[in-house]
Amino acid sequence: TVSRAFANIGLDGTGQVVNIVDSGVDHYHPFFYDKNVKVPIGTTNLNHRKIVRIEPWSDSSDHESGHGTHVVGSLLGKSYNEKAGISLYNGVAEGAKLYMTDIGKQNLKDDVSADYDLDLTCDRIKSLGSGISSNSCGYSSDPGGISYSFDLSAEEHPNILYLAAAGNSKYGLTINCPG
């Protein structure tokens with residue numbers, strides 16, 4: 001068995017919605033699949049087992065070995081079949097649900113090139129009762145403008161915790177904006 005110290009004391013993310021800004025999520029993956037509820041793309045449905053909303057700024061899925069699916073799975077993935085071996089790899093907050101801001105093209109591995117509206121995303125984060133936005137993407141172009149946007153948004157929305165990747169590459173010295 002896998003030791004899950006936080007889950008063992010009742011801290012597994014249940015009741016939480018987390019916003020993740022990345023290349024998308026493979027909603028057919030066993031961690032996110034719901035055979036009973038359609039995936040809410042461009043709309044909100046709190047009844048889906050794992051995904052409450054996908055904001056399709058680029059599209060509404062992820063590359064077959066996409067970075068976004070990996071990030072979402074590590075954070076809040078939970079196998080729909082608890083007896084399956086993959087359930088050993090459930091995320092650290094397996095009880096949480098996802099509000100995905102998809103800024104990547106499915107046909108381009110690890111793409112995060114789409115522009116998105118940070119203010120609208122913040123409004124949706126708040127309307128879903130969330131206070132967490134995970135941004136596991138780094139930008140090397142226009143770092144001043146990107147940093148300014150996140151700084152301003154953090155000031156305007158003090159109840160949202162922004163998490164950013166501090167290095168997002170297998171190569172050294174790759175801490176890009178907003179990390």
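Quantities reported herein were computed from a predicted structural model and do not represent experimental measurements. (Residues numbered from 1 in each chain as written. Predicted model: local features only at pLDDT ≥ 70, side-chain atom pairs only at ≥ 80, totals over all residues. Heavy atoms only, no water.)

1. Thoughts on the overall build of the protein
From N to C terminus, the protein includes four helices and five strands. Start at the N end of the protein and walk to the C end: the helices and strands fall as α-β-β-α-β-α-β-α-β. A total of 179 residues make up the protein; the buried ones form 42% of that total. Sequence-distant contacts, at least 24 apart, represent 72% of the contacts inside the protein between residues at least 6 apart. Surface exposure of the protein reaches about 9,700 Å², of which carbon and sulfur atoms provide 52%. (Helix = DSSP H or I, 4+ residues; strand = E, 2+ residues; numbered from the N terminus. Buried < 20%, exposed > 50% of the residue type's maximum accessible area, 1.4 Å probe, protein only. Contact = heavy atoms within 4.5 Å. Areas by Shrake-Rupley, 256 points an atom, 1.4 Å probe, with all protein chains shown as cover.)

2. Regarding the pattern of salt bridges
Inspection of the entire model under this criterion finds three salt bridges. Notably, a salt bridge pairs R4 with E94, separated by 3.9 Å at the nearest N-O pair. Of this pair, R4 sits in the segment before α1 (5–8) while E94 sits in the loop between α2 (67–76) and β3 (97–102), and the two are 90 residues apart along the sequence. There is no split in this pair, since R4 and E94 are both buried. Measuring nitrogen to oxygen at the nearest pair gives 2.7 Å for the salt bridge that ties E55 to R53. For the residue pair E55 and R53, the accessibility class agrees, reading buried in each case. The structure contains a network of salt bridges with shared partners spanning R53, E55 and R124. (Salt bridge = Lys/Arg side-chain N within 4 Å of Asp/Glu carboxyl O.)

3. Focus on the sheet that holds strand β4 (residues 132–135)
Here five strands make up an open sheet; going across it, the order is β2-β3-β1-β4-β5 and the pairing parallel. Edge positions in the sheet fall to β2 (51–56) and β5 (161–164), since each of these pairs with one other strand and no more. Here the strands of the sheet are splayed against their neighbours by 15° on average, with no regard to which way each runs. Of the strand pairs in this sheet, β4 and β5 are connected by four bridges, and their pairing is parallel. Of the residues in β5, the one forming a bridge with S133 is Y162. Along the sheet face, α2 touches β1 (17–22) and β3 and points at about 155° away from the line of β1. Across the sheet, helix α3 (residues 118–127) lies against β1, β2, β3, β4 and β5, angled at about 170° from β3, the strand it touches most. (Pairing = 2+ DSSP bridges. Axes fitted to C-alpha atoms, helices over the stretch in contact; angles between N-to-C directions.)

4. Considerations on the pairing of β3
Counted residue by residue, β3 has five buried out of six residues, so it is predominantly covered. Two strands pair when backbone bridges link them, and β1 and β3 are joined in this way by six bridges, in the parallel orientation. Its bridge partner lying in β3, V18 is registered against L98. As defined by bridge partners, β2 adjoins β3 across five bridges and the pair is classed as parallel. Within β3, the residue paired with P56 across the bridge is D102. This β-α-β element, β2 to α2 to β3, shows left-handed connectivity. (Right-handed = clockwise from strand over helix to strand, strands pointing away.)

5. Some words on the side chain of N90
Its place among the elements puts N90 in the loop between α2 and β3. For N90, a relative accessible area of 6% gives the class buried. For N90, the contacting residues outside a window of four places in its chain are R4, F31, G73, G77, K78, S79 and E82.

6. What to know about the packing of aromatic side chains
Using the criterion set out here, one finds three aromatic pairs in the structure. Plain terms: the ring middles of F150 and Y162 are 5.6 Å apart, the flat faces sit at 85° to each other, and that makes the pair edge-to-face. With a gap of twelve residues between them, F150 in helix α4 (residues 143–156) and Y162 in strand β5 connect regions that are remote in the sequence. (Phe/Tyr/Trp six-rings, centres within 6.5 Å; stacked < 30°, edge-to-face > 60°.)

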